[in-house]
Amino acid sequence: MTLKDARERRVRTGGIELCVAELGDPRRPTVVLVHGYPDSKEVWSEVAARLADDFHVVLYDVRGHGRSTAPKPLRGGFTLAKLTDDFLAVADAVSPDRPVHLVGHDWGSVQSWEFVTVERTRGRIASFTSMSGPSLDHFGHWIDARVKRPTPRRVGQLLGQGARSWYVYLLHTPVLPELAWRGPLGKRWPKLLERAEKVPAGDYPTATLPSDAAHGAWLYRDNVRPRLRHPRPDAVAHVPVQLITPQGDAFLSERLYDDLERWVPRLTRRTLPAKHWVPRTRPDQLARWIKEFVTSVEQGEPSRGGGSRHAARFGGQLALVTGAGSGIGRATALALAEAGARVVAVDRDAGTAARTAELALAAGASGAWPETADVSDEQAMEKLAERVHREYGVVDVLVNNAGIGVSGSFFTTTPDDWREVLDVNLWGMIHGCRLFGGRMAERGQGGHIVNIASAAAFQPSRALPAYSTSKAAVLMLSECLRAELAAKDIGVTAICPGIVNTNITSTTHFTGVDESEARRRQERSSRLYGKRNYPPEKVARAILDAVAENRAVVPVTPEARGAYLLSRFVPGALRKLARVEPKL
C-alpha cells in the first residue's frame, strides 16, 4: 500500500484548506503523522505504508505546504495556536469519537509538543511519538537554566546547540530564504539529502518543495523567538510520550532532552544510530516502534523492554543470534530480549534453541522465535535466511556467535580437523554476514553485525593453531566488512573474549591423543574455565555496549585486554609466550 492508494479529503479550518490523506481501516486506532520542514506529508509515505495494515493512518499537509492552501497574509499565519486549530480540525474529521495517536518529525514534532501540552487538546490525543523536534517551551527553559546557572559543561552544551542551529538564524532573515528555496537550493535539495543524509530517491521530496520551504520559513519567524523568550511554565504533556532520538542528528543535540522527565510524566526513550531524516532512512524501525508504543497504550500496558539501560537502543529491533542454545549466544539473546528486541535464536540443537526463545520472551523480548540450522552448511543457512526474511523481516542486529574448539599441535591436526573448524568458525561467519548483512545493506536503513572472535585472534599459541587461525580470520573479516559497510551505516564489531565459563571446553576436539587422554584434557580445561568463572553474561553486556557505541574491536576479559595491548605494542612478548607448552 502506498500514498497513491490513499483516500483524500479536504478539511477547512481558519480560512484555509488542508489536504488530508488516509490509509487503512477507519475502525482501527488512528495514527496521525505530522511532517516537518521543509517537507510535505510524502516524507511519511514509507512509514505510513508499514502502519496501514494495523492502524487507520492519517497524514496531512501542514498549512502552506503540499496541497494545502497557505494563509494570507503569511506573517502571523503559522503560529502554534493556529497550527493547533488545524490539528484539532483534522482529528475531528478523521476520528470524531476516539482520541488519536500523534507522531511528529522535525517541525511536525515541535508543533505536536504544543498539541500535547495545551489544555484544549486534552482527551483528543492518546499518545505522542516525537522525533527530531523539541518543544519550544522545554527548549526555552533548557536555555534559561544554562544562562542563569552556568557551568563549563552547560556553557559547552549551549554553544554546541547554538552552532547546530545556524539555519534558524538564516530563516529569520527577510526574503533571502525564499529566494534561495525558489532558486538554486530548491533544485539541489534532493541531491543534498541523498549525499548528506543517505535519503533514497523516490516520491520525496515533491515538486512543491520550493513553495513549501518558502512558506515554512514563517514557522520559525512566527514562533521561535517569542516562545524561547517567554516559555510557558506549565508545558507538561498530558499523554504518554515516546521520544526517538537519532544519534547522528546534525541539527539537534541529544542533551536537549536531558530534563525531559520534568515535563513528561510517562516517557519512553529510544535512540537510533541515524541522521535527521529518519522517516525516509529508517522507516522499518520507526514503524515497529510506533506500532509497539501505540499498541501498548491501547492495551493500557507500558512499552516492553523498559527495564534495560539499552532499551532505548534495541527496543523493537530484530536481532538474530547463532549458537544461541547456550553460553555467550544464549546470554546475548537474553540481554537483547531484556532490552526489548525481537530475537531469533539459532542453534543446531532444536531443543536448546526453543529454550532460549522461551527464556527471551520471559525476559522481555517483544517477540522470540527458535530456528535450527548448522552455520557451516551453506544451503541450510540460505534456507534459514529466506525463512527469517519472509516471516520476521530484515535483521537489524546480527550476532555470529556459533563456534567450536580444536586443540592440538599443527602436525597432529588433520585436514579434516582444519576443514571442520574453518567451516564453523569462519565459513559460518561468512554465511551469516553474506546472507543477513547483504539484506541489511540492500535495505539501506543501517544495522550492526557482531562477529565473535577470540583473544586467540591476536595471541599465537602452539596448542591452538587451527582455532587461532580461524579466529584471526574472523577478526580480519570484521575489519574489512566494517570498512566496506560504513557507507551503508552498518557497524561491524569483532568481540574477542578470553577465558569464559561456557561449555566450549566440553565440545573441544583434542588432536593427537587417544580418547581417554582427550577426556582428561576436556575435564581439566572445564575445571580451569570453571575456576576462572568469567560469566557469559558479562560478554553479552560488552556486546550490547559495543553495538551501542559502534566499536570495532572489543577484547572482553582482562586477559584478552592484556593480550590485545601486547599484540599492538610489544608483539614479541606474545611470540615468546606462545612457545611455552601448555600443561593439559
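The model shown is predicted, which means the values in this text are computed figures rather than measured ones.

### Observations regarding the overall build of the chain
Counting secondary structure elements, the chain contains 22 helices and 17 strands. Over its C-alpha atoms the chain spans a radius of gyration of 27 Å, differing by no more than 12% from the 25 Å that the globule rule assigns to 584 residues. Its C-alpha atoms give the chain principal-axis dimensions of roughly 90 × 50 × 45 Å. Out of the 584 residues in the chain, the part that is buried amounts to 56%. For the chain, restricting intrachain contacts to residue pairs at least 6 apart in sequence, the fraction spanning at least 24 positions comes to 77%.

### Overview of the sheet that holds strand E14 (residues 447-452)
An order of E11-E10-E9-E12-E14-E15-E17 is seen for the seven strands of this open sheet, with the pairing classed as parallel. The open sheet is flanked by strand E11 (367-372) and strand E17 (553-555), the only strands paired with a single partner. Averaged over all neighbouring strand pairs, the angle between strand axes comes to 15°, with direction disregarded. Bridging between E14 and strand E15 (residues 490-496) involves six bridges; their strand directions are parallel. What sits directly across from Ile 449, in E15, is Val 492. In the packing of helix H13 (residues 327-338) onto the sheet, the strands contacted are strand E9 (318-322), strand E10 (342-347) and strand E12 (397-400), and the crossing angle to E9 comes to about 170°.

### What about the nonpolar core?
Formed by 85 residues in total, the largest nonpolar core has its most connected members in Leu 33, Leu 51, Tyr 60, Phe 87, Leu 102, Trp 107 and Tyr 220. The element best represented in this core is helix H2 (residues 80-94), accounting for eight residues. Setting aside residues up to four positions removed in sequence, Tyr 220 forms contacts with Tyr 37, Asp 106, Trp 107, Tyr 167, Val 168, Leu 171 and His 172. With 35 residues, the next largest nonpolar core counts Ala 357, Ile 495, Ala 546 and Val 554 among its residues.

### Focus on the environment of Val 43
Among the structural elements, Val 43 can be located in the loop between strand E3 (30-34) and helix H1 (45-51). Using a relative accessible area of 0% as the deciding quantity, one classes Val 43 as buried.

### Considerations on the pattern of salt bridges
The final tally for this structure, using the stated rule, is 35 salt bridges. Residues Glu 22 and Arg 9 are paired through a salt bridge, measuring 2.7 Å at the closest nitrogen-oxygen approach. Of this pair, Glu 22 sits in strand E2 (residues 16-23) while Arg 9 sits in strand E1 (residues 7-13), and the two are 13 residues apart along the sequence. Residue class for Arg 9 comes out partly exposed when judged on its relative accessible area of 32%. Of the charged contacts, one joins Arg 12 and Glu 17 as a salt bridge, the two residues approaching to 3.4 Å between their closest N and O atoms. The exposure class of Glu 17 is partly exposed, given its relative accessible area of 24%.

### Details of the packing of aromatic side chains
Here a ring pair, both rings aromatic, is described through the centre-centre distance and the interplanar angle of the planes. What the rule picks out here adds up to 16 aromatic pairs. An angle of 75° between the planes, with centres 5.8 Å apart, marks the rings of Trp 189 and Trp 277 as edge-to-face. Placement of Trp 189 in helix H8 (residues 184-197) and of Trp 277 in the loop between strand E8 (267-272) and helix H10 (278-281) is noted, with a sequence separation of 88 residues between them. This pair shows no difference in class: Trp 189 is buried, exactly as Trp 277 is. Geometrically, the ring pair formed by Trp 369 and Tyr 392 is stacked, given 4.4 Å between the ring centres and 20° between the ring planes.

### Topic: the pairing of E3
A regular strand places its side chains so that they alternate between the two faces of the sheet. Among the five residues of E3, five are classified as buried, and the element is accordingly described as predominantly covered. Side chains Thr 30, Val 32 and Val 34 project from E3 onto one buried face, and the interleaved Val 31 and Leu 33 project onto a second face that is buried too. As judged from the five bridges shared by E3 and strand E4 (residues 56-60), these two strands associate in the parallel manner. Note on E4: the bridge partner recorded for Val 32 is Val 58. Crossover connection from E3 via H1 to parallel E4: handedness right-handed. Bridging between E3 and strand E5 (residues 100-105) involves four bridges; their strand directions are parallel. Bridge pairing in E5 links Val 32 to Leu 102.

What counts as what
- Residues numbered from 1 in each chain as written.
- Predicted model: local features only at pLDDT ≥ 70, side-chain atom pairs only at ≥ 80, totals over all residues.
- Heavy atoms only, no water.
- Helix = DSSP H or I, 4+ residues; strand = E, 2+ residues; numbered from the N terminus.
- Rg over C-alpha atoms; globule rule 2.2 N^0.38 Å.
- Buried < 20%, exposed > 50% of the residue type's maximum accessible area, 1.4 Å probe, protein only.
- Contact = heavy atoms within 4.5 Å.
- Pairing = 2+ DSSP bridges.
- Axes fitted to C-alpha atoms, helices over the stretch in contact; angles between N-to-C directions.
- Core = buried A, V, L, I, M, F, W, Y, C linked by side-chain atoms within 4.5 Å.
- Salt bridge = Lys/Arg side-chain N within 4 Å of Asp/Glu carboxyl O.
- Phe/Tyr/Trp six-rings, centres within 6.5 Å; stacked < 30°, edge-to-face > 60°.
- Right-handed = clockwise from strand over helix to strand, strands pointing away.

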